[in-house]
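Each chain is listed here by its residues.
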Amino acid sequence: MAYWWVSQNRTYRHERDGGYLWAPKLNKRGYPQHHWTAMTDVQPGDVVFSFVRQKIRAISLAKSAAYDAPQPTEFGAAGSWEKSGWRINVSYQELLEPIAISDVATLLEPLLPSVRSPLTVNRTGVQGYLFSIPPGAGK
């Protein structure tokens, strides 16, 4: 089992309601982004933390590996990315009390990777979608 951090501000409601994660394969200039290609490393049974507006709002289990899928139509104007992407089916469990990152950042910081961390040095979310986090941080 692996642990993942997904930043979903604009797409959270659509992804939660649809039971999936989705990321484009390439940016508008035709290049892959590490936080999107990470989708191909997720396996069924992996744990995913949904980070939305500086809070962890849900914990999910991956139900599938990534597979080719077009951009969800429900993204509408929120989805200004390339149309070809990866999708992972997940089961969301929303937290009754979302966890503010400001409340746990001191505990998380030493457990997160120094490269490709989901948090900045200012304890806010990195501009990106999906990040692998070490088991110690996930637990």
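Structural data are supplied above this passage.
Attention in this report is confined to the structure presented alongside it.

Rules of the game
Residues numbered from 1 in each chain as written. Predicted model: local features only at pLDDT ≥ 70, side-chain atom pairs only at ≥ 80, totals over all residues. Heavy atoms only, no water. Helix = DSSP H or I, 4+ residues; strand = E, 2+ residues; numbered from the N terminus. Polar contact = N/O pair within 3.5 Å; in protein donor to acceptor, adjacent residues only side chain to side chain. Contact = heavy atoms within 4.5 Å. Phe/Tyr/Trp six-rings, centres within 6.5 Å; stacked < 30°, edge-to-face > 60°. Buried < 20%, exposed > 50% of the residue type's maximum accessible area, 1.4 Å probe, protein only. Core = buried A, V, L, I, M, F, W, Y, C linked by side-chain atoms within 4.5 Å. Salt bridge = Lys/Arg side-chain N within 4 Å of Asp/Glu carboxyl O.

## Quick notes on the side chain of Thr 11
Part 1: Within the secondary structure, Thr 11 sits in the loop between β1 (3-7) and α1 (12-18).
Part 2: Within the structure, the side chain of Thr 11 is placed 2.7 Å from the side chain of Glu 15, a separation counted as a polar contact.
Part 3: Those residues in contact with Thr 11 that lie beyond four places of it in its chain are Phe 75 and Trp 81.

## Considerations on the packing of aromatic side chains
Part 1: What the rule picks out here adds up to 5 aromatic pairs.
Part 2: Residues Trp 5 and Phe 51 carry aromatic rings whose centres are separated by 4.8 Å and whose planes lie at 40° to one another, so their mutual orientation is tilted. Linking Trp 5 in strand β1 with Phe 51 in strand β3 (residues 47-52), this pair joins segments that are 46 residues apart in sequence. A single burial state applies to Trp 5 and to Phe 51, both of which are buried.
Part 3: With centroids separated by 6.2 Å and ring planes inclined at 75°, the aromatic side chains of Tyr 12 and Tyr 92 adopt a geometry described as edge-to-face. With Tyr 12 in helix α1 and Tyr 92 in strand β6 (residues 84-100), this residue pair connects regions lying 80 residues apart in the sequence. Pair check on accessibility: Tyr 12 and Tyr 92 agree, each one buried.
Part 4: Here the aromatic cluster, defined as three or more aromatic residues joined through ring pairs, consists of Tyr 20, Trp 22 and Phe 75.

## Things to note about the nonpolar core
Part 1: Residues Leu 21, Met 39, Ile 88, Tyr 129 and Leu 130 are the most contacted members of the largest nonpolar core, which totals 19 residues.
Part 2: Sorting the residues of this core by element identifies β1, β2 (20-24), β3, β4 (55-62) and β6 as the ones contributing at least two each.
Part 3: It is β6 that contributes the most residues to this core, 4 residues altogether.
Part 4: Setting aside chain neighbours within four positions, we find Tyr 129 in contact with Trp 5, Val 6, Ser 7, Gln 8, Glu 15, Leu 21, Trp 22, Ala 23, His 35, Trp 36 and Met 39.
Part 5: Within the second largest apolar cluster, 14 residues are counted, among which are Trp 5, Val 47, Ala 105 and Leu 119.

## Quick notes on the pattern of salt bridges
Part 1: Applying the stated criterion across every chain, the model contains 3 salt bridges.
Part 2: Note that Arg 16 is salt-bridged to Asp 17, the shortest N-O span being 2.8 Å.
Part 3: Relative accessible area serves as the criterion here: at 25%, Arg 16 is assigned to the partly exposed category.
Part 4: A salt bridge links Arg 16 to Glu 94; the shortest N-O distance between them is 3.0 Å. Of this pair, Arg 16 sits in helix α1 while Glu 94 sits in strand β6, placing them 78 residues apart in sequence.
Part 5: One salt-bridge network, held together by shared partners, links Arg 16, Asp 17 and Glu 94.

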